[in-house]
Amino acid sequence: MTRERDRYGRASAREQLAGELRGFWANRALRTAMFLFVGGLVLLWVLTPKAVAPTELVSGDCLFLRLPGGTDVASNAAPVAGTTQQLTTVVSSERAACNLSHSHEVSTTVALPDADQYPGLAALAQEGQDDCEAAFAAYVGRPLDASRYGTAIWVPPADAWAAGDRDGVCVVFNKDRTYLDHRAAGSGE
């Protein structure tokens, strides 16, 4: 005697998967919910600012530089670094749209003197600050002393120096420490 179960073959894994997919496509509410969920994840991934290392910066990059205690980058309540000493405390940096709010712009990068021993932040900053000031007028279109902008240099800390980083990053910022809302480059301000 043949059992009922033995009369019919089992569906293969491929056939079972095809059946599940047909069921998914037939359920409009489930399909819509799935697309909204996946679309939301993609949108979050695209819109989340990506941290950028100082060695990846080039002239013209607009940035948000986060300082300790400065978590709210959407308002002018967050501190804006205006000195080389403050730049050494930057927690993270993210590229920003230059036509929207941003804290700094990269005017240039400068080669710092190569040395076997780490010269220290103050020595490196002193060495590179003159180069930043010299590049300022060409970048903004106005001399530093007549501009609404200031400039400072980020210099590599000891661990970055040991890893071979020998470049300083010159940044432009509002002297009143408010966020920039347009490009400083070529503004003549």
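Remember, predicted model here, so these are calculated numbers, not experimental data.

A. A look at the overall build of the protein. Scanning the protein for helices and strands turns up six helices and five strands. Element order for the protein, N to C, with α for helix and β for strand: α-α-α-β-α-β-β-α-β-α-β. Partitioning the intrachain contacts of the protein with sequence separation of at least 6 by distance along the chain shows that 73% fall at a separation of at least 24. Carbon and sulfur atoms make up 57% of the accessible area of the protein, which totals about 11,700 Å².

B. Region of the structure containing the nonpolar core. Core analysis: the largest hydrophobic core is formed by 11 residues, namely Val-52, Leu-57, Leu-63, Leu-65, Leu-87, Val-106, Ala-152, Trp-154, Val-169, Val-171 and Phe-173. Elements that contribute at least two residues to this core include exactly β1 (62-66), β4 (149-154) and β5 (167-174). Considering each element in turn, this core owes the most residues, three residues, to β5. Residues Ala-125, Ile-153, Val-155 and Trp-161 belong to the second largest nonpolar core, which totals nine residues.

C. Representation of the environment of Lys-175 in the model. One can find Lys-175 in the segment after β5. Along the sequence, Lys-175 and Arg-148 sit 27 residues apart, while their C-alpha atoms lie 6.0 Å from each other. If sequence neighbours within four positions are ignored, Lys-175 has contacts with Leu-144, Asp-145, Ser-147, Arg-148, Tyr-149 and Gly-150. A distance of 3.3 Å separates a polar atom in the side chain of Lys-175 from the backbone oxygen of Leu-144.

D. View of the state of the cysteines. Under the defined criterion, the tally for this structure stands at two disulfides. Sulfur-sulfur distance for the disulfide between Cys-62 and Cys-98 comes to 1.9 Å. Since a negative S-S torsion denotes a left-handed disulfide, the Cys-62-Cys-98 link at about 110° is right-handed. A residue pair is termed long-range when its members are at least 10 positions apart, and Cys-62 in strand β1 and Cys-98 in the loop between β2 (92-95) and β3 (104-111) qualify at 36 residues. Both residues of the pair, Cys-62 and Cys-98, belong to the buried class. Paired by a disulfide, Cys-132 and Cys-170 hold their sulfur atoms 1.8 Å apart. Here Cys-132 and Cys-170 share a disulfide; its torsion about the S-S bond, -80°, makes the bridge left-handed. Of this pair, Cys-132 sits in helix α5 (residues 121-140) while Cys-170 sits in strand β5; the two residues are 38 residues apart in sequence, bridging distant segments of the chain. With respect to burial, Cys-132 and Cys-170 carry one shared label: buried. The cystine pairing of the protein, numbering bonded cysteines in sequence order, is 1-2, 3-4.

Rules and cut-offs
Residues numbered from 1 in each chain as written. Predicted model: local features only at pLDDT ≥ 70, side-chain atom pairs only at ≥ 80, totals over all residues. Heavy atoms only, no water. Helix = DSSP H or I, 4+ residues; strand = E, 2+ residues; numbered from the N terminus. Contact = heavy atoms within 4.5 Å. Areas by Shrake-Rupley, 256 points an atom, 1.4 Å probe, with all protein chains shown as cover. Core = buried A, V, L, I, M, F, W, Y, C linked by side-chain atoms within 4.5 Å. Buried < 20%, exposed > 50% of the residue type's maximum accessible area, 1.4 Å probe, protein only. Polar contact = N/O pair within 3.5 Å; in protein donor to acceptor, adjacent residues only side chain to side chain. Disulfide = S-S within 2.5 Å.

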